[in-house]
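# Close look at the chain arrangement
Spelled out from the first residue to the last, the chains are:
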Amino acid sequence: MSGKRALLGASLVSRTPPVDEETQEDRKRKLLVETQRVHLDNRASVAAHELAEQAEVASLEGIKLEAADQAEQLPVYVCAAFSKLLSFAREVNIPIPTPEIVFVGPKGHGKSTLLECFIGHYFNNTTGEGTKRPLQINIINNQTCYKPKCVLKRDTLLPEFDKDIEVLVEELPAQIQARNKVLSDEPIVLQYEHKQFINMILIDTPGLSLDPSDPQGKQIESIVNKLIQPTNRSIVLVRPSTDASIPVMADYVIDFVKKSDPDLTRTTFVYTRFYTQLQSFQVSKAVNKHLSLIPQEIKTYFVTLPPASVLHTMHEPESFMQAVLQANRRDMLLLEQLQYDKRYQKSIGVPAFTKQLLSNIWKSHQENIPGVLKHARIQKAEHEKLLEQLQREQDSLDANYLRVAATNYVVDILKIVEKLLTGTAEGNPGICGQTLDQEKAECGGSAQWTDSAGVPITVFASEWNIPFWQNKLYGGQQFERLLEEFKTVSDHIAISDINGDDVASASGIPKTHNLPNYLWVASDLARQKTHDAFVPLINQLGERGVFIIKRLYEIAEQIQAARKRKPSAAGSEKRVAAVSDIDQFPYFKHFCRDLFSSFVDECASKCKAKCLDEFFSTKTVYWDLAENNPVSGVGIENVADLAKTLFGRLKNRMTHNLLLKFYNFFFVPMHTDLWSHLHGKVSALSVQELEDLFEIPALKEKLSEEEVHLRELLKVSDEKEQSFLESATQFSHPTSSS
């Protein structure tokens, strides 16, 4: 194919000056000289042209059509089959691309008329001004339209045409002309529906200017170039047959098209005014030489379009096409007289061009049919696979499978929780983590440390060097930060003021003495102040710890959901077993969450009881003071100082022991006892409890409904596939005369 395209390029280059020897501007200057000469000749022969047109009209009247002279169009059954194929493609959600054809050429050379001949009636009245705006005709197959249904779409350029309007075919010329006011790249869009067409898009473009001094020439080139650049669009290049005698003009037009289609593989050449050219030939050698000017690799057609003065008076499609066929018959008769080479017969006339264009459009749609069928069969196979899985799921709804599914879910959650306690970034700290301030705000009032009087204790996280207070944490690291915060708060606690009332109340006359024992008084005051200071802190530490640990279950569920969204390395099934997706069973999930929550609360309660055991009695404090730290000569004036000293010793011991107990009796069980607790509870569920938690009766009913639905889908798929194959067979014929 590449060699063929190279030969094609070489053939065209042989007819055009090399780019490096003659620039585009040089060719345009030569073109200007040539066109000026032509214009002078035209002005000198206006009367002769009118007489020639009258003679051409008269010559058409005498042409009688034969049985073989018929307008090329797709058979009715092919269009009907296409409608069914299109409907099927929409149902399986596979769009069929619409072929697009752009008509290009200099002004006044017959682009619009050729497009009208292809569709079959007159509609584009340019009143000698030429096409100023692209006309995009969206031809749609509609089996309910026995006559053309024409809708001019909303015009974004002209505010007076700001809505869609349905018009009759005979009204189209005036409606299009009303919109063809100014040069613009904004197209006039016509939706044309008929049962005798298959979907296609035809685009008529403004005529290229052959006058280099035309101020609108560059703008027109830009508009046309933009329309022919998309590689999915075919190009129909329309020029008069006499262009072969003006090489400069031919070079300019071809060079313009080759900017978008370098190998001309998307381009079809149509030479109009063929009858005029034929009249200049006297022998077969001359006509055959003219027909052979274009290389065979280029799709080329020589056509004669009836004069616009004739076509524009024919509002009925039958009379319109009769004039087109008469012009073609007249050309063929003249060619027969000249004894032309019949190898070129397929390249002559509007019917030959129409047949080839329809064939190309048909082939474009035909190429998409296998893809639609393949996609439909893939969907059908997926439905069959789902049906098999449904049947397996229904068979698997027994107690053993339910127990396995429940155990797997709990074990998975427990593994994730353990990882969160140990340390992992899988939970996305940026989203699920909390700074110290966020933790306190979400935990609520219980997150605020308070003293014995209930007054909030201000925590200066930065000054007190609380680690990671600005970082978002969860799990074990967040719990470690809590313990560090507790230790820091404890270190900054001071004994509340001791007044005379406190000393007097704590004093008493022992049974063996007649004087107050001030060591006893100081011990009792220190014990009481320690109790008052630490009980609120223990409660707050417990509530914060419960909050941190309970969050882990929610984070674990999020991690579990994220893992499910990731594709399995082995390629997981699109649909899992009915009870494998625990998200469908809120009662079971709530049951597991409640087990986790109750275990955390139970551990917190036991830990708190252990912590409260740390408070010594007054006797114990007094004994320790007397035995290990004896103090003599203590009077009433020294009681407060001694109580503060004892408070400091008790505070240090309490802080150290409370941290150990919270770690040992609250955090450690999350690593050890949590597994046996949750796993044991789930494993001990009875068959009835499992069925209730998994809502098995409702699930069975749901699966039965899905099975019925899938069987119905498969039945419909079989019927539609059979209908599709029948329609595809009907559509698989090339264009032929009706």
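Everything discussed here concerns the structure shown above.
Presented here is an overview of the structure given in this document. Each residue is numbered by its place in its chain's sequence as written, counting from 1. Only residues with pLDDT of 70 or above have their local features reported here, since the model is predicted, and side-chain atom pairs are shown and tallied only from 80 upward, although totals for entire chains, interfaces and linings are computed over all residues. Think of the side-chain values as coming from all heavy atoms in the structure, minus any hydrogens and water.

Running from N to C, helix α20 (residues 586-612) and helix α23 (residues 673-683) point in directions that differ by 145°, and their axes come no closer than 10 Å. Crossing hand, α20 versus α23: right-handed. Only D673, L674, H677, L678, K681 and V682 of α23 make contact with α20, whose side of the interface consists of F591, C592, L595, F596, S598 and F599. Axes, fitted as lines to C-alpha atoms, cover a helix only where it is in contact. Angles between the N-to-C directions of the axes lie from 0 to 180 degrees. Helix and strand definitions here come from DSSP, where helices need a minimum of 4 consecutive H or I residues and strands a minimum of 2 consecutive E residues; each element is numbered from the N-terminal end. Note: crossing handedness is left-handed where the near helix turns anticlockwise from the far helix by less than a right angle, and right-handed where it turns clockwise. By the convention used here, residues are in contact when the closest approach between their heavy atoms is within 4.5 Å.

It is worth spelling out helix α19 (residues 518-565) at this point. One less than the residue count of a helix, multiplied by 1.5 Å, gives the span that helix is expected to have. A rise of 1.5 Å per residue sets the reference length of α19, with its 48 residues, at 70 Å; its end C-alpha atoms lie 71 Å apart and thus fit the reference within 8%. Think of it this way: the bend at a residue is just the angle between two axes, each fitted to seven residues, one set ending at that residue and the other starting at it. The axis of α19 is deflected most strongly, by about 25°, at F534, and proline P536 appears within four residues downstream.

Should DSSP find at least two bridges between two strands, the strands are taken to pair. Read across the sheet, 9 strands follow the order β5-β4-β6-β3-β7-β2-β8-β9-β10 without closing on themselves; strand pairing throughout is mixed. Strands with a single pairing partner mark the edges of an open sheet, and in this sheet they are β5 (165-167) and β10 (299-302). Taken over all neighbouring pairs, the strand axes of this sheet differ in orientation by 20° on average, direction set aside. Alignment of strand β3 (residues 135-141) against strand β6 (residues 188-194), held across 7 bridges, turns out to be parallel. Along β6, the bridge assignment pairs L135 with I188. Relative to strand β4 (residues 149-152), helix α6 (residues 172-179) is tilted by about 15°, and along the sheet it contacts β3, β4, β5 and β6. Set on the sheet, helix α7 (residues 217-228) makes contact with β2 (100-104), β7 (200-204) and β8 (233-240); between it and β2 the angle comes to about 155°.

Note on terminology: a nonpolar core comprises buried Ala, Val, Leu, Ile, Met, Phe, Trp, Tyr and Cys residues joined through side-chain atoms within 4.5 Å. The classification of residues rests on relative accessible area computed with a 1.4 Å probe and restricted to protein chains. Under 20% of the type maximum is buried, over 50% is exposed, and intermediate values are partly exposed. If you look at the biggest cluster of nonpolar residues, it comprises 93 residues, and the most contacted ones within it are W449, F588, F666 and F694. With 20 residues, α19 is the largest single contributor of residues to this core. The next biggest cluster of nonpolar side chains, apart from the first, holds 63 residues, and it includes A81, L135, Y301 and L358.

Bringing the pattern of salt bridges into the picture now. Between Lys or Arg on one side and Asp or Glu on the other, a salt bridge is scored when a side-chain nitrogen of the former is within 4 Å of a carboxyl oxygen of the latter. Counted by the stated rule, this structure contains 27 salt bridges. We note a salt bridge from E426 to R563, for which the minimum N-O separation is 2.7 Å. On the criterion of sequence distance, the pair formed by E426 in the loop between α14 (399-422) and α15 (429-432) and R563 in helix α19 is long-range, its members being 137 residues apart. For E426, a relative accessible area of 32% gives the class partly exposed.

So far we have only geometry, and geometry alone does not tell us how the molecule works.
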